[in-house]
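One letter stands for each residue in the lines below.
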Amino acid sequence: MSKLDIHERAENYMMAKVSAATNELKQAEAWDGRGWAGVEDWKEVKLNGIAYAKRRVEVTQYILTKLYD
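Now for a look at the structure at hand. This one's a predicted model, so the numbers in the text were calculated from it and none came from an experiment.

About the thresholds
Residues numbered from 1 in each chain as written. Predicted model: local features only at pLDDT ≥ 70, side-chain atom pairs only at ≥ 80, totals over all residues. Heavy atoms only, no water. Helix = DSSP H or I, 4+ residues; strand = E, 2+ residues; numbered from the N terminus. Buried < 20%, exposed > 50% of the residue type's maximum accessible area, 1.4 Å probe, protein only. Lys, Arg positive; Asp, Glu negative; His and termini not counted. Salt bridge = Lys/Arg side-chain N within 4 Å of Asp/Glu carboxyl O. Contact = heavy atoms within 4.5 Å. Phe/Tyr/Trp six-rings, centres within 6.5 Å; stacked < 30°, edge-to-face > 60°. Expected span 1.5 Å × (residues − 1).

**Things to note about the side chain of Lys46**
Right, on to step 1. Locating Lys46 in the fold gives a position in helix α2 (residues 42–66).
Right, on to step 2. An unpaired buried charge is present at Lys46: no salt bridge exists, and Asp32, the closest side chain of opposite charge, is 7.7 Å distant.
Right, on to step 3. Among all residues touching Lys46, those that are not within four sequence positions of it are Ala28, Glu29, Ala30 and Trp31.

Next comes the structure, spelled out in structure tokens:
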């Protein structure tokens, strides 16, 4: 069994975060308003969810690239 150094563990952790954020973005893009019980238009909520998920993907990808600087 090989032990990962801190850099490899950080890389694995951030890759998992990128994957999770990407999945969240796909779900936000596919959401059709089901389950929404709010007063504002669900389409605006969807757009906000997509924007938030895109930021998460961008930030986690940025942090991952900084591991290689």
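**With respect to the packing of aromatic side chains**
Right, on to step 1. Scanning the model with the defined rule gives two aromatic pairs in all.
Right, on to step 2. Judged by centre distance (6.4 Å) and plane angle (85 degrees), the ring pair of Trp31 and Trp36 falls under edge-to-face.
Right, on to step 3. Classification of Trp31 as partly exposed rests on a relative accessible area of 24%.
Right, on to step 4. Classification of Trp36 by relative accessible area gives partly exposed; the value is 33%.

**Some thoughts on α2**
Right, on to step 1. Over its 25 residues, α2 runs 36 Å from end to end, which matches the ideal 36 Å to within 8%, given 1.5 Å per residue.
Right, on to step 2. Here the buried face of α2 lies against α1 (6–30).

**As for the environment of Leu64**
Right, on to step 1. Following the sequence through the fold, Leu64 ends up in helix α2.
Right, on to step 2. Leu64 sits in the buried class, given a relative accessible area of 12%.
Right, on to step 3. When residues no more than four places from it in sequence are discounted, the contact partners of Leu64 are Glu11, Met14, Met15 and Val18.

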